[in-house]
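Geometric and topological summary
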Amino acid sequence: MIKEIADYYGVELVEVQSGDSFCKTNGEDTYIDRSFVAGKYIELGIYTDPEKRLVSFFHEMGHILTPKRVHNKCRTKYQVEEKAWKYGYKLAKSFGIEFNKDTKQWAKEQLNGYKGYEEREMGEEVWAQIKKDRGWDNL
Ligand SMILES: [Zn+2]
């Protein structure tokens, strides 16, 4: 079904499988619970949980479907990711697909991983201060 959805939006979808040529080229670990998107091309990684795989597919589609005007307003990587989740969920919903609590929680954790993405690049000390200021002690 995801193949049909990708086709419909003119997206080239690669469903990476354990031991295939993508794993041989880039290393299988690269694809464990992780997917990639570039332009209208998605490499959907390897997930033990099929629902996480599905939500990840919609997330990557969300990147593609985020309107340019919305994307251009994003000032941080976190905002870009947040929009991709938003548009991804919207797309899933349009197909009548809902995700369970665990999956949504997992998705939220993926997004939280991008909090302070830019600040983190500034170095440990700055990052520690920002976390403190914003109450992100759990990150
Ligand atoms: Zn993303």
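It should be noted that the structure appears before, not after, this text.
Small disclaimer: the values here were computed from a predicted structure and weren't measured.

1. Quick notes on unusual backbone geometry
You will see that D33, though not glycine, has its phi angle at about 55°, which is positive. Inspection of the secondary structure assignment puts D33 in the loop between α2 (21-26) and β2 (36-38).

2. Let's talk about the nonpolar core
In this structure, A6, V16, Y31, I42, L44, I46, V55, F57, F58, M61, I64 and A92 together form the largest nonpolar core, which totals 12 residues. The set of elements that each furnish at least two residues to this core consists of β3 (41-44) and α3 (50-65). For this core, the element with the highest residue contribution is α3, accounting for five residues.

3. Quick look at the sheet that holds β3
Taken in spatial order, the three strands line up as β1-β3-β2 in an open sheet, and their pairing is mixed. Each having just a single partner strand, β1 (12-15) and β2 make up the two edges of the open sheet. This sheet shows a mean twist of 10° between the axes of neighbouring strands, independent of strand direction. As defined by bridge partners, β2 adjoins β3 across three bridges and the pair is classed as antiparallel. Following the sheet pairing, F36 is matched in β3 by E43. Each of β2 and β3 touches α3; the most contacted strand, β3, lies at about 160° to it.

4. Some points on α3
With 16 residues, α3 should reach 22 Å at 1.5 Å per residue; the first-to-last C-alpha distance of 22 Å fits that figure. Taken together, the buried positions of α3 are V55, S56, F57, F58, H59, E60, M61, G62, H63 and I64. Lining the buried residues of α3 we find α1 (2-8), β2, β3, α5 (77-94) and α6 (101-112).

5. Considering the pairing of β3
Only one face of β3 is covered, namely the face carrying I42 and L44; the face carrying Y41 and E43 is uncovered. Following β2, the chain reverses through two residues before pairing antiparallel with β3; G39 in that reversal takes a positive phi of roughly 60°.

6. Digging into the packing of α3 against α6
When two helices pack together, their arrangement is given by the angle between the helix axes and the distance between those axes. In the contact formed by α3 and α6, the axes pass within 10 Å of each other and the chain directions differ by 50°. Classified by the angle between their axes, α3 and α6 sit oblique to one another. Crossing hand, α3 versus α6: right-handed. Across the interface between the two elements, E51, K52 and V55 of α3 pack against T103, W106 and A107 of α6. Of the residues belonging to the contact of α3 with α6, the class tally is three nonpolar, one polar and two charged.

7. Observations concerning the environment of G116
Note on placement: G116 falls in the loop between α6 and α7 (117-120). Using a count of 20 C-beta atoms within 10 Å as the deciding quantity, one classes G116 as buried. With 110 residues separating them along the chain, G116 and A6 place their C-alpha atoms 31 Å apart. Apart from the residues lying within four places of it in its own chain, the contact partners of G116 are W127, I130 and W136.

The rules behind each value
Residues numbered from 1 in each chain as written. Predicted model: local features only at pLDDT ≥ 70, side-chain atom pairs only at ≥ 80, totals over all residues. Helix = DSSP H or I, 4+ residues; strand = E, 2+ residues; numbered from the N terminus. Core = buried A, V, L, I, M, F, W, Y, C linked by C-beta atoms within 7 Å. Buried ≥ 20, exposed ≤ 12 C-beta atoms within 10 Å, placed from the backbone. Pairing = 2+ DSSP bridges. Axes fitted to C-alpha atoms, helices over the stretch in contact; angles between N-to-C directions. Contact = placed C-beta atoms within 7 Å. Expected span 1.5 Å × (residues − 1). Parallel < 35°, antiparallel > 145°, perpendicular 65-115°, else oblique. Left-handed = near helix turned anticlockwise from the far one by under 90°. Nonpolar A, V, L, I, M, F, W, Y, C, P; charged D, E, K, R; others polar.

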